[in-house]
Amino acid sequence: MHVELTETLRRELAALGPAGWRRLDAVFTVTTVRLAFTDERGHVVHRQPTAAVVELARAERHASARPGAGPWWRLLVTLDPAGAAEVVRDDGDEPFPDGDLAPPEVYRADLAAYPRDRLPLWLAAHVAHEDRQARPAGRAAAQARQDRRSGTRGTPSAGEFPEFPVMWARWAAMAAGFVAARSSWGPRMLPGAGRFEGSRRSGSTLYQLPGGRAVLSGGVWNAPELPAPP
């Protein structure tokens with residue numbers, strides 16, 4: 001969805017540009033403003049927003065609030081020296097990049113100020129999940145024993161995955177490669193568990209259990225089953 005940008009904010013943003021700039025890419029979030037100016041040779045210069053820009057952005061966000069939907073979560077702005085602007089409202093249809101994602105308490109405070117009828121599922125999980133799905137290996141083993149006693153069993157998977165010791169070794173080797181490459185994403189190793197998270201918030205966990213067993217779980221962030229009623 002495209003929205004308008006006030007002339008005052010356009011002028012304040014343009015005034016921050018270095019000599020010869022041809023394009024400004026700005027990202028406004030609940031708590032931050034990022035400004036990147038590009039010149040005719042493709043060189044990029046980053047600028048810190050002034051207090052005036054921050055206050056104007058806050059006013060823009062307040063003015064954009066809609067009943068039951070609140071204001072934008074992010075505002076993506078492209079501006080040229082003539083003042084022509086393309087402005088896109090981001091309501092969180094897809095997960096935000098890490099640099100634009102605020103801590104859960106920031107969104108909780110914003111929701112108190114601007115109540116909403118619904119949240120994107122991924123954002124609701126970020127705000128309220130508090131890692132409830134994670135559990136120690138001992139608790140997982142106790143649950144497995146209880147499931148065996150009650151006759152609760154999963155669906156066997158034959159031939160889809162390597163044997164657990166091999167899978168664990170492969171996970172560790174891949175994690176070492178991602179860490180060596182200084183990637184913020186990919187597999188990681190924890191005591192008794194392997195975790196994977198992709199750049200779009202999809203991921204999986206591999207929990208090691210006693211007796212050479214493990215539990216693998218995971219999925220994609222936009223699976224249709226997640227918001228479906230039970």
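A short tour of the structure in this document, coming up. These numbers were taken from a predicted model, which means no experiment stands behind them. (Residues numbered from 1 in each chain as written. Predicted model: local features only at pLDDT ≥ 70, side-chain atom pairs only at ≥ 80, totals over all residues. Heavy atoms only, no water.)

### Quick notes on the overall build of the chain
On a plain count of helices and strands, the chain comes out with 6 helices and 9 strands. Here the chain has a C-alpha radius of gyration of 23 Å; the compact-globule value for 230 residues is 17 Å, and the former is much larger. For the chain, the spread of C-alpha atoms along the three principal axes comes to 70 × 45 × 25 Å. Burial status across the chain gives 30% buried among its 230 residues. Taken together, the 29 basic and 26 acidic charged side chains of the chain have centroids lying 9 Å from each other. (Helix = DSSP H or I, 4+ residues; strand = E, 2+ residues; numbered from the N terminus. Rg over C-alpha atoms; globule rule 2.2 N^0.38 Å. Buried < 20%, exposed > 50% of the residue type's maximum accessible area, 1.4 Å probe, protein only. Lys, Arg positive; Asp, Glu negative; His and termini not counted. Charge placed at Lys NZ, Arg CZ, Asp CG, Glu CD.)

### A look at the pairing of strand β9 (residues 213-219)
For strand β8 (residues 203-209) and β9, the ladder comprises 7 bridges, and the chain directions are antiparallel. Residue pairing across strands places G203 opposite G219, the latter belonging to β9. The hairpin formed by β8 and β9 contains 3 residues between the paired strands, and G211 there has a positive phi angle of roughly 80°. (Pairing = 2+ DSSP bridges.)

### Some words on the sheet that holds β9
Taken in spatial order, the 4 strands line up as β6-β7-β8-β9 in an open sheet, and their pairing is antiparallel. The outermost strands of the open sheet, each flanked by one partner alone, are β6 (186-190) and β9. Across the sheet, the mean angle from the axis of one strand to that of its neighbour is 15°, orientation sign disregarded. Sheet contacts for helix α5 (residues 137-150): β8 and β9; angle to β8, the most-contacted strand, approximately 80°. (Axes fitted to C-alpha atoms, helices over the stretch in contact; angles between N-to-C directions. Contact = heavy atoms within 4.5 Å.)

### Re the environment of A141
Relative to the helices and strands, A141 is located in helix α5. Overall, the relative accessible area of 5% leaves A141 in the buried class. When the C-alpha atoms of A141 and V215 are compared, they prove to be 10.0 Å apart, with 74 residues separating the residues in sequence. Contact partners of A141, with chain neighbours within four places excluded, come to L209 and P210.

### Here's the deal with the packing of helix α3 (residues 104-113) against helix α4 (residues 121-128)
Running from N to C, α3 and α4 cross one another at 105°; their axes reach a closest spacing of 8 Å. By the criterion of interaxial angle, the relationship of α3 to α4 is roughly perpendicular. Side by side, α3 and α4 meet where P104, Y107, R108 and L111 of the first sit next to L123, H126 and V127 of the second. Taken together, the residues of the contact of α3 with α4 break down into 5 nonpolar, 1 polar and 1 charged. (Parallel < 35°, antiparallel > 145°, perpendicular 65-115°, else oblique. Nonpolar A, V, L, I, M, F, W, Y, C, P; charged D, E, K, R; others polar.)

### Some details on the pairing of β8
With 6 of 7 residues buried, β8 lies mostly within the body of the structure. Across 5 bridges, strand β7 (residues 193-197) lies against β8 in antiparallel orientation. Considered in β8, the bridge of A193 is made with Y207. Counted between consecutive antiparallel strands, the loop separating β7 from β8 contains 5 residues, among which R201 sits at a positive phi close to 75°.

### A word on the nonpolar core
The biggest cluster of nonpolar side chains holds 18 residues, and the ones touching the most others in it are L13, L24, F28 and L35. At the level of secondary structure, the elements contributing two or more residues to this core comprise α1 (7-15), β1 (21-28), β2 (33-39), α2 (51-63) and β4 (74-79). When residues of this core are assigned to their parent elements, the largest contribution, 4 residues, is made by β1. Every residue in contact with L35, bar those within four places of it in the chain, is listed here: L13, L16, L24, D25, A26, V45, H46, R47, Q48 and P49. (Core = buried A, V, L, I, M, F, W, Y, C linked by side-chain atoms within 4.5 Å.)

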